[in-house]
Amino acid sequence: MEFTMPCFLVSLFCFFGAFLVFFFSQCLFRLIKSTTRKLPLPPGTLGLPYFGETFQLYSQNPSVFFASKQKRYGTIFKTHILGCPCVMISSPEAAKFVLVTKANLFKPTFPASKERMLGRQAIFFHQGDYHNKLRKLVLRAFMPEAIKNIVSNVETLAVDSLHSWDGQLINTFQEMKTYAFNVALLSIFGKDETLYREELKRCYYVLEKGYNSMPINLPGTLFNKSMKARKELAQILVKILSTRRQNKEVHTDLLGSFMSEDESLTDEQIADNIIGVIFAARDTTASLLTWIVKYLGENPTFLEAVTQEQEAVMKCKENNGGEEKTLTWADTKKMPITSRVIQETLRVASILSFTFREAVEDVEYQGYLIPKGWKVLPLFRNIHHSPEIFPEPDKFDPRRFEVAPKPNTFMPFGSGSHSCPGNELAKLEILVILHHLTTKYRWSMVGPQTGIQYGPFALPQNGLPIRLYAKK
Ligand code: HEM
């Protein structure tokens, strides 16, 4: 093709045009960056060099620390804990900004020792394509359509657990941990769960002891024992993978989803994510169940309302079939009062008081600078205990959920791209065990009922010892 003069001029003009656009956008970017740099940091104090305010946070109930800071500085303030400068935020708008609308500017962050123990390929630590792929696989196994199929197996686990506690003095949290662990294994391995339960439990229980230990990997330390247990756990998982590959059956559980051909994962990625899901599923659900048992025990009116609702579900099944049948997914949708008790417990107890993110670049929020590398903590508990959002916030009153809460004011399962994919399973296993607990048993709490312990989830003192009896 002939290159004419006008054609040359047009090309030259386009080149200069593109250059000018690039030049001005760079200037604008630098200008915005330098303006962000000049913004003030949020109010608050950073405490002592290196130690910051770690001691103030951990020497008291953390909720008191967060509430007193918020009272003094408002819903965004800075502090310095565990060697990191942090910005804490406690308004629904700020939580939405960090977790949803500007989630790309805030990456998930955990202590390096936790990453090593759970496994670096686990879903919590990632963003972008790999995270999206994992989320798709996890949601496929935990969406209602999938977990509908395991309701009767969850029920068997609930019935067996309650039966084994009959007439005993039990530590509610410890026993609920076992129940939640077994349900987690059921959701991961399906009916094969019973084959591996004891072996996996033995290793996982050693591993979890090291979760909050000092990361010193020397023979004899807790961390070292945990890392060894983790290795053994991964080996068992590889064995299970190879058995499944030989059998060539199709499974709809989480392992089946991870092993599907469309989104192939390596054995290491599968092992890290299975350990991660057990970690995410067990203590959270067990802690919530422990609080429910406590609140129902302290509030006879609500216990009566839940019991009547569950008896109605039971009678309806007896009338339809002549004899008691197993629970179905549809039955769990006929439990609105019990569901509100779960919601109110999630709010009052706020077992995950906050989560962690890290700013990936300098970010401006409401005229303040959140510097790159600083940790950002959305404080769920402060939002759930705000008197403007939930009047008389410390009062346990499930009736407040007769009206749906306003957007971003209630996020016990988080929000945005890292929100909890296991929330439907958690609610299901809680409804199922409450059905049998309230219709067939009574319980009384033993010992002082006022204290709260943090380990790391908020928990009634000593794990709530109770004595449980079958109803006559
Ligand atoms: C009452 C019980 C539970 C509560 C309160 C809870 C709460 C949460 C919260 C707040 C998050 C988001 C954390 C963040 O944004 O940093 C989360 C994430 C997660 N949860 Fe749950 N959870 C519960 C039970 C479960 C169960 C039963 C499972 C699995 C069976 C599960 C699996 C997960 C996973 C895999 C993530 C990470 C998601 C991601 O990073 O994309 N959780 N959970």
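A quick note: this is a predicted structure, and the numbers were derived from the prediction, not measured. (Residues numbered from 1 in each chain as written. Predicted model: local features only at pLDDT ≥ 70, side-chain atom pairs only at ≥ 80, totals over all residues. Heavy atoms only, no water.)

Draft legend 1. Representation of the UniProt feature "binding site: heme" (unreviewed entry) in the protein chain within the structure. Under the UniProt annotation, "binding site: heme" (unreviewed entry) lies at Cys420. The residue cysteine 420 is located in the loop between α17 (380-384) and α18 (423-440) in this model. (UniProt positions renumbered as here; feature names shortened; annotations may be inferred. Helix = DSSP H or I, 4+ residues; strand = E, 2+ residues; numbered from the N terminus.)

Draft legend 2. Molecular detail of unusual backbone geometry. Although it is not a glycine, asparagine 408 sits at a positive phi angle of roughly 65 degrees. In this structure, asparagine 408 sits in the loop between α17 and α18. Relative accessible area serves as the criterion here: at 24%, asparagine 408 is assigned to the partly exposed category. For asparagine 462, which is not glycine, the phi torsion reads 55 degrees and is therefore positive. For asparagine 462, a relative accessible area of 46% translates into the label partly exposed. (Buried < 20%, exposed > 50% of the residue type's maximum accessible area, 1.4 Å probe, protein only.)

Draft legend 3. The arrangement of the pattern of salt bridges in detail. Using the criterion set out here, one finds 20 salt bridges in the structure. The closest approach of N and O atoms between arginine 282 and glutamate 208, which form a salt bridge, is 2.0 Å. Of this pair, arginine 282 sits in helix α13 (residues 267-298) while glutamate 208 sits in helix α10 (residues 193-209), placing them 74 residues apart in sequence. This pair shows no difference in class: arginine 282 is buried, exactly as glutamate 208 is. Arginine 245 serves as the salt-bridge partner of aspartate 267, at 2.9 Å between the closest nitrogen and oxygen. In this pair, aspartate 267 sits in helix α13 while arginine 245 sits in helix α11 (residues 222-247), placing the two residues 22 residues apart along the sequence. Assessed through its relative accessible area of 25%, aspartate 267 is described here as partly exposed. The class of arginine 245 is partly exposed, set by a relative accessible area of 40%. (Salt bridge = Lys/Arg side-chain N within 4 Å of Asp/Glu carboxyl O.)

Draft legend 4. Region of the structure containing the environment of lysine 191. Considering the arrangement of structural elements, one finds lysine 191 in the loop between α9 (172-189) and α10. Taking the C-alpha atoms as reference points, lysine 191 and asparagine 153, separated by 38 residues in sequence, lie 8.2 Å from one another.

Draft legend 5. Structural view of the side chain of aspartate 331. Following the sequence through the fold, aspartate 331 ends up in helix α15 (residues 329-332). Not counting residues within four places of it along the chain, the set of residues in contact with aspartate 331 comprises Val313, Lys317 and Thr326. (Contact = heavy atoms within 4.5 Å.)

Draft legend 6. Expanded view of the site of the ligand. The full set close to the ligand counts 26 residues, and His131, Arg135, Thr355, His418 and Cys420 are the nearest of them. Residue arginine 357 places a side-chain N or O atom 2.8 Å away from an oxygen atom belonging to the ligand. A distance of 2.7 Å separates an oxygen atom of the ligand from a polar atom in the side chain of histidine 418. With six residues, α13 is the single largest residue contributor to the shell around the ligand. Considering only residue class, the shell around the ligand consists of 15 nonpolar, nine polar and two charged. (Near = heavy atom within 4 Å. Polar contact = N/O pair within 3.5 Å; in protein donor to acceptor, adjacent residues only side chain to side chain. Nonpolar A, V, L, I, M, F, W, Y, C, P; charged D, E, K, R; others polar.)

Draft legend 7. Here's a closer look at the environment of threonine 345. Examined against the element boundaries, threonine 345 turns out to sit in helix α16 (residues 336-349). Sequence-wise, threonine 345 and glutamine 60 are 285 residues apart; in three dimensions their C-alpha atoms are separated by 22 Å. In contact with threonine 345, not counting residues within four places along its chain, are Leu288, Trp291, Ile292, Tyr295, Ser350 and Phe396. One polar contact links the side chain of threonine 345 to the main-chain carbonyl oxygen of valine 341, over a distance of 2.7 Å.

Draft legend 8. Local environment of the packing of aromatic side chains. In this structure the tally under the stated criterion is 19 aromatic pairs. Ring centres of phenylalanine 189 and tyrosine 196 lie 5.7 Å apart, and the angle between their planes is 65 degrees; this geometry places the pair in the edge-to-face category. The pair formed by phenylalanine 189 and tyrosine 196 is uniform in burial state, with each residue classed as buried. Aromatic pair phenylalanine 401 and phenylalanine 410: ring centres 4.8 Å apart, planes at 55 degrees, arrangement tilted. Side by side, phenylalanine 401 and phenylalanine 410 carry an identical accessibility label, which is buried. Among the aromatic residues, ring-to-ring pairing joins Phe110, Phe124, Phe125, Phe181, Tyr204, Tyr205, Tyr211 and Phe279 into one connected group. In this arrangement the basic side chain of arginine 282 is found over the ring face of tyrosine 205, its NZ or CZ atom lying 5.0 Å from the centre. (Phe/Tyr/Trp six-rings, centres within 6.5 Å; stacked < 30°, edge-to-face > 60°. Lys NZ or Arg CZ within 6 Å of the ring centre and 35° of its normal.)

Draft legend 9. Spotlight on the sheet that holds strand β1 (residues 76-81). On the basis of which strands lie adjacent, the open sheet formed by five strands has the order β1-β2-β8-β5-β3 and mixed pairing. Of all strands in the sheet, those bounded by a partner on one side alone are β1 and β3 (106-108). Within this sheet the neighbouring strands show an average axis-to-axis angle of 35 degrees, counted without direction. Pairing of strand β2 (residues 84-89) with strand β8 (residues 375-378), which is carried by four bridges, proceeds in the parallel orientation. When the bridges of β8 are listed, methionine 88 appears paired with leucine 377. Packed on one face of the sheet, helix α4 (residues 92-101) meets β2, β3, β5 (357-359) and β8 and runs near 125 degrees to β8. (Pairing = 2+ DSSP bridges. Axes fitted to C-alpha atoms, helices over the stretch in contact; angles between N-to-C directions.)

Draft legend 10. Quick peek at α9. Its 18 residues give α9 an end-to-end C-alpha distance of 26 Å, which sits within 8% of 26 Å, the value for a rise of 1.5 Å per residue. Just past α9, the residue glycine 190 takes up positive phi, approximately 60 degrees. (Expected span 1.5 Å × (residues − 1).)

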